[in-house]
Amino acid sequence: MATIEQKGMYAKFPRSGKNVSFTHYCPGCGHGIINKLIAEACAEMGLQDNTIFVDPVGCGVFTYYYWDAAHISAAHGRASAAATGACRARPDAVTIAYQGDGDLGAIGFNNAFQAASRGEKFGCIFVNNSLYGMTGGQMAPTTLAGETTTTSPFGRDTSLTGYPLHVCEVFNQLKAPVYIARVSVADTRRIMQAKQAIRKVFEIQREKKGYALLEIIAPCPTNFKMDAQKAAEFCINEIEKEFPLGVFRDDTAKAPEEAAAPAEPSASPLLAPKTVPYFASCAELFAEKDAIEPAVDDKAFAERRFKFAGYGGQGILSLGLTIAEAARLERRHTLWFPSYGPEQRGGSANCSVVVSGTPIGSPTVEHPDVLVCMNQPAYERFVGDVREGGIVIVDETVPVKVDPPAGVKLVVWPAIRMAEEFGVPKAANTMMLAALKKLNCTGLSGESLETALVASFKKKPALGEKNRELLKKAEAAV
Ligand SMILES: Cc1ncc(C[n+]2csc(CCOP(=O)(O)OP(=O)(O)O)c2C)c(N)n1
Ligand code: SF4
């Protein structure tokens with residue numbers, strides 16, 4: 001239970017409509033102790049204003065109510081993936097993922113393992129209480145042989161469910177991590193050691209040394225069905241017997257080149273050393289790749305949201321990409337977000353595009369201003385979502401059996417027919433671009449749209465010019 005003065009924590013936790021000064025953890029829960037140690041370490045080291053915590057799904061889910069720092073809430077098992085994004089996007093910050101043994105050891109194992117293998121620069125604090133606490137005490141990969149849980153009521157049967165997963169030992173096979181250790185919070189001496197180890201994880205991140213994994217054995221009195229004292233004893237006498245405490249690796253004193261030494265150079269051209277540039281941020285990567293000019297903020301430019309939908313193979317995704325590219329040419333903020341089924345061709349496909357004068361929060365488009373539909377299922381699926389004042393452009397082959405919502409304009413456009421009449425059936429998407437251009441509903445100039453269209457055929461320049469011609473022909477024809 002936190003006190004109001006607890007370092008690194010908020011004074012009050014405004015949870016479930018109440019403004020309380022106690023956490024949601026059960027009495028004697030290891031999470032409560034660990035939360036306190038993490039908050040203290042972060043505050044004492046002066047890192048509160050520069051720390052991003054990535055919160056799990058599990059009993060640790062509410063840490064954003066407690067730790068006074070930046071937070072990202074990840075989906076179940078995805079904290080290491082989200083932490084990868086956070087530490088790459090903000091290499092100057094300290095990123096700490098907090099995960100339970102179900103979250104990391106079961107659903108999220110591959111995410112966590114691959115992040116460790118890549119040596120992502122974040123610290124992962126992994127709370128092992130040997131079961132799924134939040135959902136009522138089910139068996140986890142870390143459950144001991146013979147341990148009773150709600151899904152192993154007669155004790156874990158290793159002949160059916162395998163053996164307890166030793167996360168530290170498995171991760172210790174990887175090259176990249178710089179620090180791997182297991183501690184416990186089952187008594188005062190252990191808590192003091194755990195605090196030192198937590199500080200070490202923060203230090204490694206502050207000094208940008210690399211990936212660190214700290215497993216913490218923690219009691220869950222509620223699901224062990226024991227009082228706090230007995231639950232702590234169970235950790236010491238049983239869990240720690242299976243999961244011995246200790247430091248598995250500490251490469252922090254080594255120079256980075258030494259810690260993850262590259263493989264010996266090879267004579268094979270496939271393995272020949274290449275110079276791989278290091279990019280500190282995505283912006284830098286893109287700038288290098290395509291010499292892209294960054295977007296310019298322009299509050300006067302109203303955000304527009306587009307949805308393009310049809311069958312795979314109709315060029316729906318490229319049409320969206322052309323709009324995004326035209327926006328980029330005008331140095332607008334833009335995002336293109338495709339969604340398609342497993343089929344290469346013929347399955348349904350759609351993409352969302354956002355064009356904005358200010359940075360864009362989400363790439364998903366739930367209520368488009370402009371909807372372009374190339375087939376009936378797409379029309380019926382999305383037409384009801386279009387925002388009032390918006391526009392729907394639908395190919396004339398689509399039977400319009402459902403009216404658009406009130407205040408939405410419907411334009412029926414002969415994209416497929418024109419493309420066939422012009423002898424290039426595959427150019428139906430270019431015909432749709434002509435509609436967007438002619439109806440002036442992109443907020444982008446005709447010149448940018450044309451340039452983006454031609455650029456989309458970068459590898460086949462003749463086709464680019466052909467499509468520019470077709471675009472003009474379509475505009476003149478309708
Ligand atoms: C995708 C998904 N699958 C399952 C769940 C249900 N669920 C929530 S927490 C949890 C397990 C939590 O156990 P653990 O990670 O060990 O954390 P603890 O609660 O013990 O701290 C599960 C299975 C979910 N929220 N999302
Ligand atoms: S259920 Fe277990 S892990 Fe969850 S808060 Fe209670 S004691 Fe802690």
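Just so it is clear, the model here is predicted, and its values are computed rather than measured. (Residues numbered from 1 in each chain as written. Chains lettered and ligands numbered in written order. Predicted model: local features only at pLDDT ≥ 70, side-chain atom pairs only at ≥ 80, totals over all residues. Heavy atoms only, no water.)

J.: Describe the site of ligand 1, with residues and values.
T.: In the vicinity of ligand 1 there are 16 residues, among which His-31, Asp-101, Gly-102, Asp-103 and Gly-133 approach most closely. Within the side chain of Asp-101, an N or O atom sits 2.7 Å from an oxygen atom of ligand 1. The separation between an oxygen atom of ligand 1 and a polar side-chain atom of Asn-129 is 3.1 Å. Protein chains bury 73% of the 590 Å² of accessible surface belonging to ligand 1 in isolation. For the shell around ligand 1, the secondary structure elements donating two or more residues are helix H4 (101-107) and strand E7 (131-132). Broken down by element, the residue count for the shell around ligand 1 peaks at 4 residues, all from H4. In terms of residue class, the shell around ligand 1 is built from 6 nonpolar, 8 polar and 2 charged. (Near = heavy atom within 4 Å. Polar contact = N/O pair within 3.5 Å; in protein donor to acceptor, adjacent residues only side chain to side chain. Areas by Shrake-Rupley, 256 points an atom, 1.4 Å probe, with all protein chains shown as cover. Helix = DSSP H or I, 4+ residues; strand = E, 2+ residues; numbered from the N terminus. Nonpolar A, V, L, I, M, F, W, Y, C, P; charged D, E, K, R; others polar.)

J.: Describe the site of ligand 2, listing the residues and the values that go with them.
T.: Surveying the vicinity of ligand 2 reveals the residues Tyr-25, Cys-26, Cys-29, His-31, Cys-59, Asn-129, Gly-133, Cys-220, Pro-221, Thr-222 and Asn-223. No other element matches the 3 residues that helix H9 (residues 221-224) contributes to the shell around ligand 2. Tallied by class, the residues present in the shell around ligand 2 amount to 6 nonpolar, 5 polar and no charged.

J.: Lay out the domain arrangement of the protein with the relevant residues and their values.
T.: Each assigned domain of the protein is listed with its residue range as follows: domain 1 (13-257) and domain 2 (293-477). Domain 1 and domain 2 are separated by 46 Å when their C-alpha centres are compared. (Domains from an automatic or database assignment.)

J.: Tell me what's going on with a nonpolar patch on the surface, and back it up with residues and numbers.
T.: Taken together, Val-400, Leu-410 and Val-412 make up a surface patch of nonpolar side chains, about 200 Å² in accessible area. Relative to the helices and strands, Leu-410 is located in strand E17 (residues 409-413). According to the relative accessible area criterion, Leu-410 is partly exposed, its value standing at 32%. (Patch = residues over 30% accessible without salt bridge, like charges linked within 9 Å, V, L, I, M, F, W, Y side chains within 5 Å. Salt bridge = Lys/Arg side-chain N within 4 Å of Asp/Glu carboxyl O. Buried < 20%, exposed > 50% of the residue type's maximum accessible area, 1.4 Å probe, protein only.)

J.: Summarise the nonpolar core; cite the residues concerned and give the values.
T.: Grouped together as the largest cluster of nonpolar side chains are 40 residues, with contacts concentrated most on Phe-308, Ile-323, Ile-393, Trp-413 and Leu-436. Leaving out residues up to four positions away in the same chain, Ile-323 has contacts with Phe-306, Phe-308, Val-353, Val-355, Leu-433, Leu-436, Thr-442, Leu-444 and Leu-449. With 38 residues, the next largest nonpolar core counts Val-94, Ile-96, Ile-198 and Ala-212 among its residues. (Core = buried A, V, L, I, M, F, W, Y, C linked by side-chain atoms within 4.5 Å. Contact = heavy atoms within 4.5 Å.)

J.: An account of the packing of aromatic side chains is requested, with residue identities and associated values reported.
T.: Here the structure, examined in full by the defined rule, presents 14 aromatic pairs. With centroids separated by 5.8 Å and ring planes inclined at 70°, the aromatic side chains of Phe-109 and Phe-171 adopt a geometry described as edge-to-face. With Phe-109 in helix H5 (residues 109-118) and Phe-171 in helix H7 (residues 167-171), the pair connects residues that are 62 residues apart, well separated along the chain. An aromatic cluster is built from Phe-53, Trp-67, Tyr-98 and Phe-202, whose rings are joined through pairwise contacts. Over the face of the ring belonging to Phe-422 we find Lys-473, whose NZ or CZ atom lies 4.7 Å from the ring centre. (Phe/Tyr/Trp six-rings, centres within 6.5 Å; stacked < 30°, edge-to-face > 60°. Lys NZ or Arg CZ within 6 Å of the ring centre and 35° of its normal.)

J.: Before we move on, can you summarise the packing of helix H13 (residues 316-329) against helix H16 (residues 428-438) with the specific residues and values?
T.: Where H13 meets H16, the closest approach of the two axes is 9 Å, and the angle between their N-to-C directions is 40°. In terms of orientation, H13 and H16 fall into the oblique class. The element H13 and its partner H16 pack so that their crossing is right-handed. Residues Ser-318, Leu-319, Thr-322 and Ile-323 of H13 touch H16, and the partners they reach there are Asn-429, Met-432, Leu-433 and Leu-436. Residues of the contact of H13 with H16, tallied by class, amount to 5 nonpolar, 3 polar and no charged. (Axes fitted to C-alpha atoms, helices over the stretch in contact; angles between N-to-C directions. Parallel < 35°, antiparallel > 145°, perpendicular 65-115°, else oblique. Left-handed = near helix turned anticlockwise from the far one by under 90°.)

J.: Explain the pairing of strand E6 (residues 123-128) to me, using residue names and the numbers behind them.
T.: Most of E6 is tucked away, with 6 of its 6 residues classed as buried. Side chains of E6 alternate between two faces, with Gly-123, Ile-125 and Val-127 and Cys-124, Phe-126 and Asn-128 buried alike. Bridge count between strand E5 (residues 94-100) and E6: 5 bridges; the pairing is parallel. Paired with Gln-99 across the bridge in E6 is Phe-126. Sheet topology note: the E6/strand E10 (residues 212-217) ladder contains 6 bridges and is parallel. The residue bridging Gly-123 from the neighbouring strand is Ala-212, located in E10. (Pairing = 2+ DSSP bridges.)

J.: How would you summarise unusual backbone geometry if you had to cite specific residues and measurements?
T.: We note that Lys-208 has phi near 55°; this positive angle belongs to a residue other than glycine. Positive phi, close to 60°, is recorded for Arg-331, a residue that is not glycine. Mapped onto the elements of the fold, Arg-331 is located in the loop between H13 and strand E13 (333-340). We classify Arg-331 as partly exposed; its relative accessible area is 30%.

J.: Describe the sheet that holds E6, listing the residues and the values that go with them.
T.: Taken in spatial order, the 7 strands of this open sheet run E4-E3-E5-E6-E10-E9-E11, and their pairing is mixed. What marks the edges here is a single partner per strand, and that holds for strand E4 (70-73) and strand E11 (246-250). On average, each strand axis in the sheet is inclined to that of its neighbour by 20°, with strand direction left out of account. With 4 bridges joining them, strand E3 (residues 51-55) and E5 adopt parallel strand pairing. Paired with Thr-51 across the bridge in E5 is Val-94.

J.: Any details on H16? Residues and values, ideally.
T.: Most of H16 is tucked away: 10 of the 11 residues are buried. Among the residues of H16, those classed as buried are Ala-428, Asn-429, Thr-430, Met-431, Met-432, Leu-433, Ala-434, Ala-435, Leu-436 and Lys-437. Phi turns positive one or two residues past the end of H16, at Asn-440, with a value near 55°.

J.: Hey, could you go over the side chain of Asn-223 for me, with residue numbers and the actual values?
T.: Within the element layout of this structure, Asn-223 appears in helix H9. Here the side chain of Asn-223 touches Gly-133 through a polar contact of 3.1 Å, landing on its backbone oxygen. With residues up to four places along the chain from it excluded, the contact list for Asn-223 reads Leu-131, Tyr-132, Gly-133, Gly-136 and Gly-137.

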